[in-house]
Amino acid sequence: GTEAYAARVAQLPQKLGEDWKSPKLADLSDYDRVQKVVSKCIFFMMFGIWVTDEEASMLTGWRTNARYWILPRFVQRLLFNIGIGKVKDLRVKTIRLVERYNLQEVFVGMHDRLPAAYKTADVVELC
């Protein structure tokens, strides 16, 4: 809830400091590094876990693959569904990350709090 969120906000400077020992303004030009740090911060704020560099690199795919999500199905087919394949692969990898950290219950809880009109009969296993 709100208390956990506030606690994570307070921990964020320490987490960033541990991960990025001596930041310089020029470091902000390192696009890959900045995207990884942003991914780590978002995952930490949502779940309280500071992911590894490799995991953060995978999570940056949600930003870098965004261009594929807006393409109409017809265009996806013209591109041999390359974009769809990338997005599916990213979903599987993200679900595996959630499973690695045993975070499934977070999503079960979200489902349980949905209004009845939006709930499914079962919480779906995606992979």
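Quick summary incoming for the structure in this document.

Conventions adopted
Residues numbered from 1 in each chain as written. Predicted model: local features only at pLDDT ≥ 70, side-chain atom pairs only at ≥ 80, totals over all residues. Heavy atoms only, no water. Helix = DSSP H or I, 4+ residues; strand = E, 2+ residues; numbered from the N terminus. Rg over C-alpha atoms; globule rule 2.2 N^0.38 Å. Buried < 20%, exposed > 50% of the residue type's maximum accessible area, 1.4 Å probe, protein only. Contact = heavy atoms within 4.5 Å. Areas by Shrake-Rupley, 256 points an atom, 1.4 Å probe, with all protein chains shown as cover. Lys, Arg positive; Asp, Glu negative; His and termini not counted. Charge placed at Lys NZ, Arg CZ, Asp CG, Glu CD. Phe/Tyr/Trp six-rings, centres within 6.5 Å; stacked < 30°, edge-to-face > 60°. Salt bridge = Lys/Arg side-chain N within 4 Å of Asp/Glu carboxyl O. Polar contact = N/O pair within 3.5 Å; in protein donor to acceptor, adjacent residues only side chain to side chain.

**So, the overall build of the protein chain**
Counting secondary structure elements, the protein chain contains eight helices and zero strands. For the protein chain, the sequential pattern of α-helices and β-strands runs α-α-α-α-α-α-α-α. At 17 Å, the protein chain has a C-alpha radius of gyration far larger than the 14 Å of a compact globule built from 127 residues. With the C-alpha coordinates of the protein chain rotated into their principal frame, the extents come out at 45 × 40 × 25 Å. The 127 residues of the protein chain split such that 28% are buried. The contacts in the protein chain between residues at least 6 apart in sequence include a share of 50% that link residues at least 24 apart. Split by element, the accessible area of the protein chain, about 9,100 Å² in all, is 60% carbon and sulfur. Across the protein chain, the centroid of the 19 positively charged side chains sits 7 Å from that of the 15 negatively charged ones.

**Quick notes on the packing of aromatic side chains**
Two measures describe an aromatic ring pair: the distance that separates the ring centres and the angle between the ring planes. By the definition in use, this model includes four aromatic pairs. On the numbers, 6.4 Å between centres and 55° between planes, the contact of Phe43 with Tyr101 is tilted. Taken as a pair, Phe43 in helix 2 (residues 31–47) and Tyr101 in the loop between helix 7 (82–100) and helix 8 (104–112) lie far apart in primary sequence, 58 residues in all. Note on Phe43: relative accessible area 6%, which makes it buried. Given the relative accessible area of 26%, Tyr101 is considered partly exposed. An angle of 70° between the planes, with centres 5.9 Å apart, marks the rings of Phe44 and Trp50 as edge-to-face. Here Phe44 and Trp50 have matching classes, each one buried. One aromatic cluster is present, formed by Phe43, Phe47, Tyr101 and Phe107 through successive ring pairs.

**Some thoughts on the pattern of salt bridges**
Enumeration according to the criterion identifies five salt bridges in this entry. With a shortest N-O distance of 2.9 Å, Arg96 and Glu99 are connected by a salt bridge. Taken together, the residues span about one helical turn, with Arg96 and Glu99 both in helix 7 at a distance of three residues. Overall, the relative accessible area of 37% leaves Arg96 in the partly exposed class. The exposure class of Glu99 is partly exposed, given its relative accessible area of 27%. When salt bridges that share partners are traced, they join Asp19, Lys40 and Asp53 into one network.

**Focus: the environment of Tyr101**
Along the sequence, Tyr101 and Pro72 sit 29 residues apart, while their C-alpha atoms lie 34 Å from each other. The contacts of Tyr101, once residues within four sequence positions are left out, are Phe43, Ile49, Val51 and Glu55. Here Glu55 takes part through its side chain, which lies 2.8 Å from a polar atom of the side chain of Tyr101.

**Notes on unusual backbone geometry**
At Asn102, a position not held by glycine, the phi torsion is positive, near 55°. Along the chain, Asn102 falls in the loop between helix 7 and helix 8. Accessibility expressed as a relative area gives 61% for Asn102, which makes it exposed.

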